[in-house]
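Observations on the model geometry
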Amino acid sequence: MQVTRLVCRVLPTLCMLLFLSFAFAQTKRSVSGKVVGGTDKKPVAGATVQIKGTRTATSTDGEGTFTIQGVDDKSVLVISYVGFQTYEIPVGSTSNISAELKPMDALMSELVVVGYTSQRKKDLTGAVTVVNVADMNKQPAPTITDQLQGQAAGVTITTSGSPGEPPRFRIRGFNTFGDNSPLFVVDGVPTGNINDINPNDIASMQILKDAGAASIYGARASNGVVILTTKRGKGKAKISYDGYYGTQNPNSKNPYELLNPQEQADLKWLALKNTAARTNEQPVYADALYGNGATPRLPDYILPLGKMEGDPAVDPSLYYVVPNYGDLATYNKFYRITKANKSGTDWMDEIFDPAPIQSHNINVSGGNDQGNYLFSASYFDQKGTLLETYNKRFTLRSNSQYNIRKNIRIGENLSYSIIDNPRITILDEGNAVSMAYRQQPIVPVYDIMGNYAGTFGGQLGQATNPVAARQRTASNKGFGNRLFGNAYAEVDFLKNFTFRTSFGGEYYAFSGRWFNYPTYENAENGNANSYSENSGTGYEWTWTNTVTYTKSFGDHNVKILAGTEAINSNNQYLEGNTTDYFSFDPDYTTWESGSGTATHRSSRSSVALYSLFGRVDYNYKGKYLAGFTLRRDGSSKFGPENKYGVFPAGSLGWRVSDENFMKGLTWLDDLKLRGSYGIMGNQLNLSPNSQFTTYRSDRNSTFYDINGTSNSLLMGFRQGAYGNPNAKWESDAAFNIGFDATIKNRLFEISADYYVKQVYDMLFNPTLPGTAGAAAPPYVNVAEMRTSGLDITVGSHFDVAKDWQFDITGTFTSFNNEILKIAEGQDYFTSQSRRFNGQDIIRNEEGHEMSSYYGYKIVGFWNTQAEIDAANELARKTTGSATAVYQTDAAVGRFRYDDKGAGIVTPDSRQFLGSPNPDFSYGLNLGVAYKAFDLSAFFYGVSGVEIWNQVRWWTDFYPSFAGGKSKTAMYNSWTPENHNAKAPIVENAASFSTNSTPNSYYVEDGSYLRLKNLQIGYTLNHKALDKAGISRLRFYVQAANLFTITKYTGLDPEIGGGDSGSFGVDEGAYPAIKQFLFGLNLSF
Amino acid sequence: MKKARYIITLSLFSLASIGLDSCSKNFLDKPLLGNLTEDVLATEKGVTTLLIGTYAALDGQNVGGGTWESSPTNWIYGSVAAGDAHKGSDAGDQPPINLIATGKSDPTNGFFNAKWRANYEGISRANAVLRVAEKATDMSPETKAKLTAEARFLRGHFYFDLKKMFNMVPWIDETTTEFKQPNTEDIWPKIEADFQYAYDNLGDNAPAIGRVNKWAAAAYLGKTLLFEKKFGEAIPVFTAIVANGKNSAGVKYGLTDRFEDNFDPANKNNKETVFAVQMVAKAGTGDISSGNAGEMLNFPYGDSPFGCCGFYQPTVDLVNSYRTDADGLPFLDTYNSEVVKHDQGVESSTAFTTYTGRLDPRLDWTAGRRGIPYKDWGNHPGKKWIRDQNFAGPYAPKKNVYWQVTQDKFSDRISWAPGSAINIHVIRYADVLLMAAEAEAQAGSLATAMGYVNQVRERAGKPESMVYKYNDDTDPLAGFSTDLAANYVVEPYPAGSAVFASKESALKAIYFERKLELAMEGHRYFDLVRWGIAPTEMAKFFTYESQWTSDIDGGTFTANKNEYYPIPQAQMDLSSTGGVPTLTQNQGY
């Protein structure tokens, strides 16, 4: 890592500088000065100016000026004023001092909520990123996680254009082979889901990244912890409205560069020619679709196959299709007539359309000594640009607190959400985007009678009509709601103690329903009609009790916290399905209105966690800081032997800038060094049943028609899983070192952390030998992994001229991951076979990073038979076998694979071909304010990332099923004349040496830089507004995803969605969409 | 005073914590949900249910990989690899089968892993029966012996399938706890012992038609002995079956008059059924995993009513094999000297007259060809039901295709490809007769052998086993006429036939009869290998067939290698301890 090396080199130099100090002997005198403060730099009247270490003090006058006696060159003035940060300045030799106070809340004294308590930001010793919620909220996205992309160093988020698709969220890379999602703590209540929390309700957000900060969450800390605090009311009653409306535009250009119908036909002829030439034969052009000529001709009709106008077979009176057919007898009588679309159907254009997006938030709040309240409501409605996709969300929030005595506070935080979001599958070969490149352009959307057209007939591949597929989902529903929040009480007692109890959690329910229509237009039709419903409900409660003791003994400041937490979680799931409906009317279909077979299934689970924890934070003069946390967790997921896990962590901080020897460095406002080490745990990957060896029955695999009825099954059992009662906690030993610095009055701020974490006892379910049967293998604590990385946040705030203010914040995230161990006897595991029949694309292997691509590396083409003969000769020499061949299926025009010097291509020649893990990712927030105008821009980029572009399997290789093919296949494939091609020879033969095995052809650079957001706002400042009681009125226009710079040839280099085992594999992603919005912020 | 309050508060808090902590013992105990432990199953009922679960593993499904990869019919490994059929479809579809078909696959081919896993899952389920039966206390010794015998039969079946595929495979039984076992031992004796135990302990009648009886065990024992070339030991077993064998319902074994009854779900579990895997349609599973999912790809394509996927196309070589001479006998050596006229390269819209030469009617129950009734789906229209003739020839599979008239009952269209309730024959009585013939011929009893063969040929020639033209070609459901669909001539070998005059030629005739009778049923590859004629037969096949299609270009059968499939690389890797595989790879890989 170059960056790491750079910092290591710079740091000692920096430290050397900091240790420089000067001392002079001086005599007493007086000094005058002026104190200003705030962003507007108005004079501060009444500020206290004191000579440090003495009782000599004075106050500033109305102009902010002061004069104080009795200083010498070594004196230090301490200037303080309510609401501003205390400011210390060495007098030196000057007699005139100007001091600029920085407002308290925006700076280091702000209170930051950390594990179960809060700390001043300046006292933090752990690696905690405090997210700028205002910047974050500018992204027009429905969830906090979407908005967070690029805003916090150390956090990697991959989003998808698919409405409602939750982003992939990782803090500091990988911590486990399984679920890497962090723990969220919302107003003190832990949860795994924040997708339904309205981002506009968030007051503050902290990301606890290292053990020092996160380890107090013990068993759930390993993936990182995100602490969210929702807004509370304060001051006089206020109503505000924030909203936007806009349009979303899909890419205007089809990026797949597919052939037109005539070119598709030409390609087929080329394939026939090349295939025949292999055996020195003349090609036979006899095609039901394209005729028998030396050049193919486009038919007028694709159904009946290849017919021309005037043929009696295309007589419309023969046409017979009943789209909503119920029985096979009717289906068998269908007579379809479909005209060829000779000009070509642009399927991408057919399935994507501009779509609106809108968001409205209203918020009422207020508060005083008696308590405070906040009520908010929001409505978000995003139509997807892909047909029949959308995400609608409605949320309500009520936060209130009652200060019933001076020392007793009782309150609640409650949110309720409703989400209507039927989600679609993406990134697989069957999704709508995939079908848009797999479906040939000669196929029109509709047949001659306006019913769907498709590949039926057998000569056009087996893609399905994506418009039909999407439109048939129009009445599908996916609906969820959740009540989430807590009630709490806090009592201050015995002066230094606070007791807090909080009982909270969630109750959720979701349901979905969908109808499977029979199809008739495709080559491979499903003839059954069926209706399905599912639903799930669950609750989780968390009861947390803490006692905090806060006390200062002179310069020693101590905060001690002890607590208990109990968590109980239960959920259940139901699903059912019935076939054969008399009517497909969505209003008619229920489980009981179908006449065919009914199927149902259900499941439930229950998990409990009980914990004791404590923390001690200590500092001496705010200069030397230390923190220690300890947690003991018990989990129902583990057997009696290993039910409990203990997770300690310690951290140290040193505010170097407070040292006397640093006082001369006036440019340095603040410098703190931090370090931490601790253990965090993880138990996410374990299912509640994993300690048991189980037997189960399962309709699909253990039931059998023992009575030979042909239509019914009797129950059977099999072993379902091997249990491991001895499984224990995953342990993540994390070391972190970092520093925070503020320079030249916030002209430059930097915070950087370097970390190394080693996860051991990682839970993994090593594949058992086949001889053990198909029962699920147990999770055992075998694997180990190491991740190291660097998180940097840099900010700059400056005013270039009067009325011009600039704010720049950059984040930089980089990590390296290495799998150290998987399991005894197993040094790799693989996933994602796609169309390679069991040869997996992704390989996780010891000594390599997670989720790497694996396959043969292409070194060129076999240009002549002589090359192949020579290679075979080499292979025979290498192996000593007279029948050895160098490379299976080697032939002229096909790929030549790298043999890694072995003299023969074998499975051992496969190698690592890249990974979807970026070398680094970065975000850049730019803010400019000029008078009433403000402009903000946010760039996000990733670099050094590879994408497995599986789309090319379909489009660039002729034998990869008939379907839409690319211009690359036609015009940039190997021919005897073109050896410098991209794709191999076009031929009607799949082979190991072209498309039937994973190789480097699919690996592409996926680096990109995207302007995620650009917003220009104008705030009206007018007396009339004040009179009307309007305290703020701002309009803005905004563009999201305006441009992306990338070399990636697919739809979008950001491959969002998919599961943790498949990320980076693109088989038709739902692209990020350009959005243009108009918005309004209004407060009374 | 103040101090006291501190102490009291802290003590109360600590007490509360400890109290909660001790409560947590129960709080943290959560029950096993939706599953059972082994102890609960240790009753007669539980063991029987585990046994049913073992039968359910016969379909080879739900072990990962495509359903066809682990199909219990072995259509890929037994038939496509042996020249019965082409892979079919087009070049890019399921390319690993191309490699299997041409003898070029290597151990990393994922198909073998699926097959391996499917069989060991069956073995694991059978072992669970045996293990739990030992724990159950409510069973009589007789019941226990019967349940155990059935489980051992099924285990024997799974091992037999592994043995013929991979030869050297590790033995796992109900006592094994370490699953990394070497494959250095020849397990034939153990397979024999399992079938022998079942033969000794099962009765004539099974408790249900889908369960096996002693005669199924006898047949499998005989087959095992045949594979071991223990012909002398096999003869009495086969003789006993022919004399006394009954199906699971107690009906004496015999050949059905109608050849197609073996493949028609309306007549399943008949007197010819020795051991079949029961298949269902529309049984409420929401998929076709219990409905012949392994064959889901093997239906005509194009504008056919099936939808998927044009695989498993019979070869020209196979179709030619059904030619008969004027005496109604097959051309054992020269069957390819004349081509049964086919429509390769002929559009469906172009007129075509079918072959008029003499044919064995079993052809038209085995291969779909242009102009001949495709069951009751209409005359096969030729090219437009074929995905890519240039790639895989002009024919369509037939034995695995359901009938239109009963499709609502016996087909299942819930999935993207059809499922069906057509049972899979592991052993049917015709197979038993031909195995018996082989054993007898090997022992020199040529007349007895010919008698067995002739029983099979006589059935083929029965009027019920012929294919007839439709009453109305435009309405195939309107029934069949009495006009034969082709020129069918099939006769038994006449008394004193020269073919059965020598052991060598008798065996050739028996081998050929197996080809004709059991074509497309997943047997031939394993037959060719055990007969030792695979290299020569396959070489002839590749040479002949490659003039018609491009899919088998470069096909070879390498002696001392291709007799067995490679041990799956994934299993080699998983068997490793300390980097050294416990399993040994087969010769040549």
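Higher on the page you've got the structure.
Quick caveat, the model's predicted, so the values are computed rather than measured.

Parameters at a glance
Residues numbered from 1 in each chain as written. Chains lettered and ligands numbered in written order. Predicted model: local features only at pLDDT ≥ 70, side-chain atom pairs only at ≥ 80, totals over all residues. Heavy atoms only, no water. Helix = DSSP H or I, 4+ residues; strand = E, 2+ residues; numbered from the N terminus. Rg over C-alpha atoms; globule rule 2.2 N^0.38 Å. Buried < 20%, exposed > 50% of the residue type's maximum accessible area, 1.4 Å probe, protein only. Contact = heavy atoms within 4.5 Å. Areas by Shrake-Rupley, 256 points an atom, 1.4 Å probe, with all protein chains shown as cover. Lys, Arg positive; Asp, Glu negative; His and termini not counted. Charge placed at Lys NZ, Arg CZ, Asp CG, Glu CD. Expected span 1.5 Å × (residues − 1). Core = buried A, V, L, I, M, F, W, Y, C linked by side-chain atoms within 4.5 Å. Disulfide = S-S within 2.5 Å. Salt bridge = Lys/Arg side-chain N within 4 Å of Asp/Glu carboxyl O. Polar contact = N/O pair within 3.5 Å; in protein donor to acceptor, adjacent residues only side chain to side chain. Nonpolar A, V, L, I, M, F, W, Y, C, P; charged D, E, K, R; others polar. Pairing = 2+ DSSP bridges. Axes fitted to C-alpha atoms, helices over the stretch in contact; angles between N-to-C directions. Parallel < 35°, antiparallel > 145°, perpendicular 65-115°, else oblique. Patch = residues over 30% accessible without salt bridge, like charges linked within 9 Å, V, L, I, M, F, W, Y side chains within 5 Å. Phe/Tyr/Trp six-rings, centres within 6.5 Å; stacked < 30°, edge-to-face > 60°. Lys NZ or Arg CZ within 6 Å of the ring centre and 35° of its normal.

**Quick word on the overall build of chain B**
Helices and strands together make up the secondary structure of chain B, namely 19 helices and twelve strands. Taken over C-alpha atoms, the radius of gyration comes to 27 Å for chain B, in line with the 25 Å a tight globule of 589 residues would show. Taking the principal axes of its C-alpha atoms as reference, chain B extends roughly 120 × 55 × 50 Å. A total of 589 residues make up chain B; the buried ones form 66% of that total. Restricting the contact set of chain B to residue pairs at least 6 apart, pairs at least 24 apart contribute 71%. Counting only carbon and sulfur atoms, one obtains 54% of the accessible surface of chain B, whose full area is about 18900 Å².

**A closer look at the overall build of chain A**
A tally of regular secondary structure across chain A gives 13 helices and 52 strands. Compactness check: chain A gives a C-alpha radius of gyration of 33 Å against a globular reference of 31 Å for 1084 residues, within 12% of the reference. Here chain A holds 1084 residues, and the buried ones make up 58% of them. If you take every contact in chain A between residues at least 6 apart in sequence, the share linking residues at least 24 apart comes to 69%. When the accessible surface of chain A is summed, it comes to about 42400 Å², and 55% of that surface belongs to carbon and sulfur atoms. Computed over 99 positive and 103 negative side-chain charges, the separation of the two mean positions in chain A equals 7 Å.

**Description of helix H6 (residues 141-166) of chain B**
Residues and elements named next belong to chain B. Here H6 contains 26 residues, and its C-alpha end-to-end distance of 36 Å stays within 8% of the 38 Å for a straight helix at 1.5 Å per residue. Burial analysis of H6 places 21 of its 26 residues in the buried class, which makes it a mostly covered element. Two residues or fewer after H6 comes Asn167, characterised by a positive phi angle close to 65 degrees.

**Re the nonpolar core**
Most often, soluble globular proteins keep nonpolar side chains buried together rather than apart. Residues and elements named next belong to chain B. By size, the foremost hydrophobic cluster in this structure holds 169 residues, and its most contacted members are Phe153, Ile241 and Tyr565. If one sorts the elements of this core by residue count, H6 sits on top with eleven residues. Beyond its immediate stretch of four places on either side in the chain, Ile241 contacts Trp215, Ala218, Ala219, Tyr253, Tyr429 and Val432.

**Here we look at the state of the cysteines**
All names here are of chain B. Going through the model one piece at a time under the given rule, you end up with one disulfide over all chains. In this model Cys308 forms its disulfide with Cys309; the gap between the sulfur atoms is 1.5 Å. On the sign convention where negative is left-handed, the bridge of Cys308 and Cys309, at about -95 degrees about the S-S bond, is left-handed. Taken as a pair, Cys308 and Cys309 share a single burial class, namely buried.

**Here we look at the interface of chain B and chain A**
Every contact between the two is made by 112 residues of chain B and, on the other side, 114 residues of chain A. Counting the contacts that link chain B with chain A gives four salt bridges. The tally of links between chain B and chain A comes to 34 residue pairs in polar contact (both at pLDDT 80 or more). Mapped by element, the contributors of at least two residues to the side of chain B that touches chain A are helix H1 (2-27), helix H2 (44-56), helix H4 (95-101), helix H5 (110-135), strand E2 (273-277), helix H13 (407-410) and helix H19 (569-574) of chain B. Here the side of chain B that touches chain A gets eleven residues from one element, more than from any other, and that element is H1(B). Taken together, the residues that form the side of chain B that touches chain A break down as 48 nonpolar, 33 polar and 31 charged.

**Looking at the sheet that holds strand E48 (residues 1003-1005) of chain A**
All names here are of chain A. Taken in spatial order, the three strands make up an open sheet running E48-E47-E51, and their pairing is mixed. The sheet is open, and its two edges are formed by E48 and strand E51 (1065-1066), each paired on a single side. Pairing analysis gives two bridges linking strand E47 (residues 946-949) to E51, with the strands arranged parallel. Its bridge partner lying in E51, Trp948 is registered against Val1065.

**Things to note about the side chain of B:Ser304**
Summarising the element assignment, B:Ser304 is placed in the loop between E2 and strand E3 (311-314). Classification of B:Ser304 as buried rests on a relative accessible area of 1%.

**Describing the pattern of salt bridges**
In total, this model carries 92 salt bridges over all chains according to the counting rule given. The partner of A:Arg29 in a salt bridge is A:Asp73, and the shortest N-O contact between them spans 2.8 Å. Of this pair, A:Arg29 sits in strand E1 (residues 29-37) while A:Asp73 sits in the loop between strand E5 (65-71) and strand E6 (76-80), placing them 44 residues apart in sequence. For A:Arg29, a relative accessible area of 24% corresponds to the partly exposed category. The shortest N-O distance in the salt bridge between B:Lys164 and B:Asp161 comes to 3.5 Å. Placement of both B:Lys164 and B:Asp161 in helix H6 is noted, with a separation of three residues, approximately one turn of the helix. You can call B:Lys164 buried: its relative accessible area is 12%.

**Describing the pairing of strand E32 (residues 668-682) of chain A**
Residue and element names in this part refer to chain A. Burial analysis of E32 places eleven of its 15 residues in the buried class, which makes it a mostly covered element. When strand E31 (residues 644-655) meets E32, the two strands line up antiparallel, connected through seven bridges. Bridged to Ala649 within E32 is Gly678. Pairing of E32 with strand E35 (residues 730-743) involves 14 bridges; the strand directions are antiparallel. Residue pairing for E35: Gly681 is matched across the bridge by Ser731.

**Details of the packing of helix H17 (residues 524-531) of chain B against helix H18 (residues 534-545) of chain B**
Angle between the axes and distance between the axes are the two parameters that describe a pair of packed helices. Residues and elements named next belong to chain B. The geometry of H17 relative to H18 is characterised by a closest axis approach of 8 Å and an angle of 130 degrees between their N-to-C directions. The angle between the axes of H17 and H18 places the two elements in the oblique class. Here Arg524, Leu528 and Val529 of H17 come into contact with H18, specifically with Ala534, Glu537 and Met538. Its residues placed into classes, the contact of H17 with H18 shows four nonpolar, no polar and two charged.

**Quick look at the pairing of E47(A)**
Sheet topology note: the E47(A)/E48(A) ladder contains three bridges and is antiparallel. Bridge assignment links A:Glu946 to a residue of E48(A), and that residue is A:Asp1005.

**So, the sheet that holds strand E15 (residues 189-191) of chain A**
Whenever strands of a sheet pair, they do so through backbone hydrogen bonds, lying parallel or antiparallel. Residue and element names in this part refer to chain A. Ordered by their spatial adjacency, five strands build an open sheet running E11-E16-E17-E14-E15, and the pairing between neighbours is mixed. Across the chains shown, the open sheet's two edge strands, defined by having one partner strand only, are strand E11 (128-130) and E15. Going from strand to strand, the sheet's axes swing by 25 degrees on average, the running direction of each strand aside. In the sheet, strand E14 (residues 183-186) pairs with E15 via three bridges, with the strands oriented antiparallel. Counterpart to Val186 in the pairing with E15 is Val189.

**Some details on a nonpolar patch on the surface**
Residues and elements named next belong to chain A. Together, Val800, Trp804, Tyr930, Phe933, Leu935, Ile1016, Tyr1018, Phe1035, Val1037 and Phe1078 make up a nonpolar patch on the protein surface, roughly 850 Å² of accessible area in all. Mapped by element, the contributors of at least two residues to the nonpolar patch are strand E46 (933-943), strand E49 (1008-1019) and strand E50 (1032-1046). With respect to the secondary-structure elements, Trp804 resides in strand E38 (residues 804-821).

**Side note on the packing of aromatic side chains**
Applying the stated rule across the entire model yields 101 aromatic pairs over all chains. Each ring, one from A:Phe177 and one from A:Phe829, has its centre 4.9 Å from the other, and the planes form 75 degrees; the classification is edge-to-face. Linking A:Phe177 in the loop between strand E13 (168-171) and E14 with A:Phe829 in strand E39 (residues 828-831), this pair joins segments that are 652 residues apart in sequence. Here the two residues A:Phe177 and A:Phe829 agree in accessibility, since each one is buried. Seen in terms of ring centroids, B:Tyr77 and B:Tyr565 are 5.7 Å apart; in terms of plane orientation they differ by 70 degrees. Their pairing is edge-to-face. Separated by 488 residues along the polypeptide, B:Tyr77 in helix H3 (residues 75-79) and B:Tyr565 in the loop between H18 and H19 bring together distant segments of the chain. The same class applies to B:Tyr77 as to B:Tyr565, namely buried. Through a chain of ring-to-ring contacts, three or more aromatic side chains come together here, namely A:Phe836, A:Tyr853, A:Phe861, A:Phe895, A:Trp948, A:Phe957, A:Tyr1001 and A:Tyr1002. Sitting over the ring of A:Phe1063, A:Arg170 keeps its end group 4.7 Å from the ring centre. Over the ring of B:Phe227 we find B:Arg530, and its NZ or CZ is 4.9 Å from the ring centre.

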